[in-house]
Amino acid sequence: MGFRLAVLNPAGRDHEQYFGENRRAQSNEHAPVNFHAYAACTQGAVFRDTKRAIASEWPVLLLLRGDFRASERALAEVTQSKRKIMVALKETGAHQIAQQLSDPARFARFVKIARKTDGCIASTPEAAELFRWFRGDTTEFIPTPYPIEDQNWNCTVENRSGIFVGTREFTVPSRNHLAGLLAAKKLSDATKEPVTVFNFDGRRGEKLISEISFRKIRVLDERMSYRGYLGEVARHKIVFQLDRSRVPGQVAGDALLCRSVCVGGDGAIERIAFPETSGEKRTGTELGEIARRLLTNDEERRAVAERATRIATDKLSFRAGRETLARFFSRCGR
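What you see is a predicted model; the values in this text were computed from it and never measured.

### Here's the deal with helix H4 (residues 94–101)
Piece 1. Within the sequence span of H4, burial applies to His95, Gln96, Ile97, Gln100 and Leu101.
Piece 2. Elements that come into contact with the buried residues of H4 comprise strand E4 (60–64), strand E5 (85–89), helix H5 (104–116) and helix H6 (125–135).

### Regarding the state of the cysteines
Piece 1. As enumerated under the stated definition, the model contains zero disulfides in all.
Piece 2. You can see Cys41 has no disulfide; the closest cysteine sulfur is in Cys332, sitting 17 Å from it.
Piece 3. Cys120 supplies the cysteine sulfur nearest to Cys332, a cysteine that is in no disulfide, at a spacing of 9.1 Å.

### Here we look at the sheet that holds strand E10 (residues 217–220)
Piece 1. Read from one edge to the other, the open sheet built from five strands follows the order E10-E9-E8-E11-E12, with strand pairing classed as parallel. Looking at which strands have only one partner, the edges of the open sheet turn out to be E10 and strand E12 (261–263). Each adjacent strand pair in this sheet contributes to an overall mean axis angle of 25°, direction not counted.
Piece 2. Here helix H9 (residues 226–234) sits on the sheet and contacts strand E8 (163–165), strand E9 (195–198), E10 and strand E11 (238–240); the angle it forms with E8, its principal contact strand, is near 135°.

### Here's the deal with the nonpolar core
Piece 1. Counting 53 residues, the largest nonpolar core has Tyr226, Phe240, Leu256, Val263 and Phe274 as its most contacted members.
Piece 2. When neighbours within four sequence positions are excluded, Tyr226 is seen to be in contact with Ala31, Val33, Tyr146, Trp153, Gln250, Asp254 and Leu257.
Piece 3. The next biggest cluster of nonpolar side chains, apart from the first, holds 29 residues, and it includes Val60, Ile85, Cys120 and Ala128.

### Description of the packing of aromatic side chains
Piece 1. In total, this model carries 14 aromatic pairs according to the counting rule given.
Piece 2. Ring geometry for Tyr18 versus Phe47: centroids 5.7 Å apart, planes at 85°, classification edge-to-face. Linking Tyr18 in strand E2 (residues 17–18) with Phe47 in strand E3 (residues 45–47), this pair joins segments that are 29 residues apart in sequence.
Piece 3. Residue classification places Phe47 among the buried positions, given a relative accessible area of 1%.

### Observations concerning the environment of Ile269
Piece 1. Following the sequence through the fold, Ile269 ends up in helix H11 (residues 268–273).
Piece 2. Accessibility expressed as a relative area gives 0% for Ile269, which makes it buried.
Piece 3. C-alpha of Ile269 to C-alpha of Glu158: the two residues are 111 residues apart in sequence and 24 Å apart in space.
Piece 4. Those residues in contact with Ile269, other than ones at most four positions away along the chain, are Pro143, Thr144, Tyr146, Pro248, Gly249, Ala252, Gly253, Leu256, Phe274 and Leu316.

### Looking at unusual backbone geometry
Piece 1. In the Ramachandran plot, Glu57 falls in the positive-phi region, its phi being about 65° despite a non-glycine side chain.
Piece 2. Along the chain, the position of Glu57 falls in the loop between helix H2 (50–55) and E4.
Piece 3. Given a relative accessible area of 60%, Glu57 falls into the exposed group.
Piece 4. In this structure, Lys192 is a non-glycine residue whose phi angle is positive, near 65°.

### Let's talk about the pattern of salt bridges
Piece 1. If you walk through the whole model with that rule in mind, you get 22 salt bridges.
Piece 2. In this structure, Arg301 engages Asp298 in a salt bridge whose closest nitrogen and oxygen atoms are separated by 3.0 Å. Of this pair, Arg301 and Asp298 are both found in helix H13 (residues 298–315), three residues apart, which corresponds to roughly one turn of the helix.
Piece 3. Overall, the relative accessible area of 36% leaves Asp298 in the partly exposed class.
Piece 4. Residues Glu323 and Arg319 are paired through a salt bridge, measuring 3.2 Å at the closest nitrogen-oxygen approach. Taken as a pair, Glu323 and Arg319 lie in helix H14 (residues 318–331) at a separation of four residues, close to a single helical turn.
Piece 5. Judged by its relative accessible area of 36%, Glu323 falls in the partly exposed class.
Piece 6. According to the relative accessible area criterion, Arg319 is partly exposed, its value standing at 31%.
Piece 7. Through salt bridges with shared partners, one network takes in Glu126, Arg246, Asp266, Arg271 and Glu280.

### Observations regarding the pairing of strand E6 (residues 119–122)
Piece 1. Taking every second residue as pointing to the same face, both faces of E6 are buried, with Gly119 and Ile121 on one and Cys120 and Ala122 on the other.
Piece 2. When E6 meets strand E7 (residues 139–141), the two strands line up parallel, connected through three bridges. Along E7, the bridge assignment pairs Ile121 with Glu140.
Piece 3. Following the backbone out of E6, through H6 and into the adjacent parallel E7, one traces a crossover that is right-handed.

### Observations regarding the sheet that holds E6
What holds strands together in a sheet is hydrogen bonding between their backbones, with the strands either parallel or antiparallel.
Piece 1. Spatial ordering of the open sheet is given by E2-E3-E1-E4-E5-E6-E7, a layout of seven strands whose pairing is mixed. Since the sheet does not close on itself, it has two edges, and those belong to E2 and E7, each with one partner.
Piece 2. The pairing of E2 with E3 spans two bridges and is classified as antiparallel. For Tyr18, the partnering residue across the bridge sits in E3 and is Ala45.

Calculation criteria
- Residues numbered from 1 in each chain as written.
- Predicted model: local features only at pLDDT ≥ 70, side-chain atom pairs only at ≥ 80, totals over all residues.
- Heavy atoms only, no water.
- Buried < 20%, exposed > 50% of the residue type's maximum accessible area, 1.4 Å probe, protein only.
- Helix = DSSP H or I, 4+ residues; strand = E, 2+ residues; numbered from the N terminus.
- Contact = heavy atoms within 4.5 Å.
- Disulfide = S-S within 2.5 Å.
- Pairing = 2+ DSSP bridges.
- Axes fitted to C-alpha atoms, helices over the stretch in contact; angles between N-to-C directions.
- Core = buried A, V, L, I, M, F, W, Y, C linked by side-chain atoms within 4.5 Å.
- Phe/Tyr/Trp six-rings, centres within 6.5 Å; stacked < 30°, edge-to-face > 60°.
- Salt bridge = Lys/Arg side-chain N within 4 Å of Asp/Glu carboxyl O.
- Right-handed = clockwise from strand over helix to strand, strands pointing away.

Now the structure itself:
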């Protein structure tokens, strides 16, 4: 393989991790999703130590996080080494970008970093628009890829039932978690399908969920491995949410690995892989009707899932991600 990528998250919490072909992630390792997927699709690695990333002799994708100070120091080191370097915002939901850049000093640091790199990579179209203000055509929207073509990550199961609620944050307004739960209850009442939801808000979340009076609900409150989580997703007929956060779209990506259907949400992955069922330009009422139809029509649901898999294989697979990254790094910078 000619192109391999070093994803650098300076002073981050994730351990250094290398990715190989058809290699299953160990229990203590990060799955090849989110920003790790940019490294995984090129059989590269994720680093938190700048010198280690430089020593790989691979081009670098620098993640911008926190107050951007550590990212700025890492940029100076990598630039001095003459290694090609691109940057990406690590948190790219619309609300997250607003929170990060509302501080004048942090915004100034962001602009300075963006202008000093070889180019910018955005995991959402909205983040790409932001970068283009400062970098123009040396910005590329590259959705986070998923290992669709790797059978190690094909988590499909037979005999599905129920509705899996994709959101879990009551306190983030754009997540619309409460509205999503209310819509899920309506769907459950109409179709007799059970509902599953994660709750990490303790007693407060328990009380809110109990007040909705679901006909039948499973509330999961323990953290689990990514594969364990995918197993939960795969048991259900659909993944449902009303998220309006403009995130990269991991919930939809999870549904793709399970060969399932994601209804609602306006993340980048939803908009690409699930154009028939995403929340883009659809009301809650419209999404509820789509979800009800898919819950009661197995043939239509399977057809939507198959179309999503074909789209993902073409546009979101590791092959597609690797080719796009290689072309962009070749076109830009040193």
